[in-house]
Amino acid sequence: MVDTKQEIERKYEATAEEAGPSGRPDLPGLPELTGAGPVATVVSRGVATLDATYYDTPGRRLLADGITLRHRTGGADEGWHLKLPVGQDTREELQAPLGAEMPAEMAALLRSRVRHDPLCPLAHLRTERDRKDLVDADGTVLAEVSVDRVTARRLAPEESEPVRWTEVEVELAEGRGHDQRLLDAVEGRLRDGGLHRAETPSKLAKALAETDKAAVETGGGGPGKPGKPGKPAKPGKPAKSARQVEQAASAPRLPLGADDVVLDYVRRQIGAMVRLDPAVRRDLPDAVHRMRVATRRLRSAFRSYRKVLDRAVTDPIGDELKWLAGELGVERDREVLTERLEGRLAELPEDLRLGPVRNRLDHWSQGQRDGARAAVLGALDSERYLTLLDTLDALVADPPLRPAAAKPAAPVVVGAVLRDYERLATRMATALETPPGTDRDVAVHQARKAAKRVRYAAETARPALGKPAKKFARRMQSVQDVLGDHQDSVVVREALRALATQAHGAGESDFTFGLLYGREEARAAARERELPGLWADVSPKKHRAALAA
């Protein structure tokens, strides 16, 4: 079983003035913390010895993404620990009991990063932790402050000599949220005591930096590159002078190239997919939706910016992204349907809810969920998905650039946005001219997809075009929202028809489902009436001209 908690902490180390005899910054003791914000007393909890082995791939994939995986003995929470970055000073910590093998549930959360690479012992850390609780006047524990004296060895690709340092951790107690004022108050005292924020985000990063540095100082070549006997290590680059830094800052910058803009957007969407994989597996709120959006944005960028990236390469990848979005869409569509149906049902007076409507809706939703959840996890556990991730990595490592990629970004991205806009304008004209009914529903849905593509193209263009692209994307989103609400109503009506049929077949009243169907039909008609005015507001030529201004 894997338990989860949010870890909010800051790390500190001694300044150069506090360096010990070894030349490494050391810390003789903590400054007085009583009176730092609401801290009334400081309670010692004794010293614990923590023995941890950290794991990563040979290429340090986890460390590159700010993730740490360790097996630790000692302390109250010994076992397997996996830490995932969340935000500033914040990580999600997953804990599993001690065991020789990492639990499969935890290993699955690393799949999008590790893929087929083995996880190997990377470093061993032994920490003597002097723990103290910061307590308020009511006796409530606010935070834990630890003075950690660490001895570390790198284990791979070859074992290093041990390095030692001392650091201080301040971790908020569970349930405190992100108490910025408390952290700042404690930090003020620590700074006065000669401490500053640690330069590395984790003990593992610190251990690798220190052992790599030691290897260079003693003639080694850093991690995995032992120096030749008798040959001194190469000196590092000298630091830039203040004048050099000033000259670099004032030097004229080259305009963004089209490849800079498009590849930056592509990289961000790939990063979002990989980062959201563990959240989807853990069934966290909105994770499926956000991962699906990232796949759609990526596929849309390939299609919109075909003059920058060669479609002979990106089209097959787009097909795979479409597959993945479809697998994620089963679960996302169920979420949207359930939320909308529950909301509409809650709007009805009690006397219009005839029969076991709530129970039937819950049963239907759970049945849909079981199948959808299995489909999502099956996709993420498949070789097809891992191949897609590897293919995306290869794409950004060696992008299939076309001639337009070398041109200045602005005219290239404007052209792409306007091409997609013309496609939307054609589909909007069809939707507005088609009589109400099934054909119009299809036409509105096609216009919705086109609006989404224009919006994504404009979002991609923002680094090159600035505010005009932001405003244009916002206008396209307003169109997409109305068209999307109409499409949701179409899908909800299909579900209501199925629910009414099931209720009737079971001898239950289908009145409520019919009533909800009628209301959704009226809502869709209202959205259709809204479209001409909305389109008239967003389609004037001046909005498109602003992109090229």
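One can find the structure itself at the top, above this paragraph.
A quick note: this is a predicted structure, and the numbers were derived from the prediction, not measured.

Our focus in this paragraph is the environment of Ala495. Here Ala495 is to be found in helix α14 (residues 467-505). By relative accessible area, Ala495 is classed as buried at 8%. A sequence separation of 318 residues divides Ala495 from Gly177, and the C-alpha atoms of the two residues are 40 Å apart. Leaving out residues up to four positions away in the same chain, Ala495 has contacts with Leu337 and Trp364.

This part covers the packing of aromatic side chains. By the definition in use, this model includes 3 aromatic pairs. Both rings, one in Tyr421 and one in Trp535, keep their centres 5.8 Å apart while their planes meet at 15 degrees; by these two values the pair is stacked. Placement of Tyr421 in helix α12 (residues 409-433) and of Trp535 in helix α15 (residues 511-538) is noted, with a sequence separation of 114 residues between them. The buried category is assigned to Tyr421, whose relative accessible area is 3%. By the ring-pair criterion, three or more aromatic residues cluster together here, those being Tyr421, Phe472 and Trp535.

Positive charge collects at one region of the surface, where Arg462, Lys467, Lys470, Lys471 and Arg474 lie side by side. Take the positive patch: its biggest share by element is 4 residues, from α14. Position of Arg474 among the secondary structure elements: in helix α14.

The next subject is the pairing of strand β4 (residues 79-87). Relative to β4, strand β3 (residues 68-73) is paired through 5 bridges, and the arrangement is antiparallel. Bridging across to β4, His71 finds its partner in Trp80. Counting the residues that bridge the hairpin from β3 to β4 gives 5 residues, and of these Gly74 lies at a positive phi of roughly 95 degrees. Sheet analysis places β4 next to strand β5 (residues 90-96), joined by 7 bridges and oriented antiparallel. By the bridge assignment for β5, Lys83 is matched with Glu93. In this structure, the hairpin formed by β4 and β5 is closed by a connection of 2 residues, where Asp89 is found at a positive phi of approximately 65 degrees.

Reading guide: rules and limits
Residues numbered from 1 in each chain as written. Predicted model: local features only at pLDDT ≥ 70, side-chain atom pairs only at ≥ 80, totals over all residues. Heavy atoms only, no water. Helix = DSSP H or I, 4+ residues; strand = E, 2+ residues; numbered from the N terminus. Buried < 20%, exposed > 50% of the residue type's maximum accessible area, 1.4 Å probe, protein only. Contact = heavy atoms within 4.5 Å. Phe/Tyr/Trp six-rings, centres within 6.5 Å; stacked < 30°, edge-to-face > 60°. Patch = residues over 30% accessible without salt bridge, like charges linked within 9 Å, V, L, I, M, F, W, Y side chains within 5 Å. Areas by Shrake-Rupley, 256 points an atom, 1.4 Å probe, with all protein chains shown as cover. Salt bridge = Lys/Arg side-chain N within 4 Å of Asp/Glu carboxyl O. Lys, Arg positive; Asp, Glu negative; His and termini not counted. Charge placed at Lys NZ, Arg CZ, Asp CG, Glu CD. Pairing = 2+ DSSP bridges.

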